Amino acid sequence: TYMARVEKVIDGDTLRLAIDTGFETIVKQKIRLRGIDCPEIIFPEGRKARDFALRELEGCDFVVVKTYMTDKYDRYIGDIFYSKNEKDLERVCFEGKLLNRELLAKGLARIS
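Caption draft 1: Fine view of unusual backbone geometry. The phi angle at Glu 24 is positive, at roughly 55°, despite the residue not being glycine. Along the polypeptide, Glu 24 turns up in the loop between strand S2 (14-22) and strand S3 (25-33). Among the residues examined, Glu 24 registers a relative accessible area of 84% and is labelled exposed. For Asp 74, which is not glycine, the phi torsion reads 65° and is therefore positive.

Next up, the structure:
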């Protein structure tokens, strides 16, 4: 579990993060959201999912990413926790929203 800064929302279920791994080390990595699948960006529904993720993460100084393993495209599978305007890492971890779940709740993703 790491603190990270969102560099880019690639599509609804894939983000590029600058992950603080500790000891003043930042790793840039693509993260695929665990357990969900959003439509491809070439479809209107895919753009809606990406735009929702952009709006949700806007105003977040950082997110918390919990990683599990890599997929066949060398992306880490993970969960993204966030809370707008929250500066306390522990509060984001325990009280923040889970982007994976929010996309499902809005009907912008399906369980994979």
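Caption draft 2: A look at helix H1 (residues 44-57). A rise of 1.5 Å per residue sets the reference length of H1, with its 14 residues, at 20 Å; its end C-alpha atoms lie 20 Å apart and thus fit the reference within 8%. Residues of H1 that are buried: Gly 46, Ala 49, Phe 52, Ala 53, Glu 56 and Leu 57. Considered in projection along H1, the buried side chains sweep an arc of 120° and stay on one side of the axis. As for H1, its buried residues are in contact with strand S1 (2-11), S2, strand S5 (63-70), strand S6 (76-82), strand S7 (97-98) and helix H3 (99-105). Gly 59 occupies a position one or two residues after H1 and carries a positive phi of about 90°.

Caption draft 3: The environment of Thr 67, seen in detail. Note on placement: Thr 67 falls in strand S5. For Thr 67, a relative accessible area of 25% puts it in the partly exposed group. Taking the C-alpha atoms as reference points, Thr 67 and Ile 77, 10 residues apart in sequence, are found 5.7 Å from one another. In this structure, Thr 67 is in contact with Tyr 2, Ile 31, Tyr 76, Ile 77 and Gly 78, ignoring residues within four places of it in sequence.

Criteria and cut-off values
- Residues numbered from 1 in each chain as written.
- Predicted model: local features only at pLDDT ≥ 70, side-chain atom pairs only at ≥ 80, totals over all residues.
- Heavy atoms only, no water.
- Helix = DSSP H or I, 4+ residues; strand = E, 2+ residues; numbered from the N terminus.
- Buried < 20%, exposed > 50% of the residue type's maximum accessible area, 1.4 Å probe, protein only.
- Expected span 1.5 Å × (residues − 1).
- Arc of directions from axis to C-beta.
- Contact = heavy atoms within 4.5 Å.

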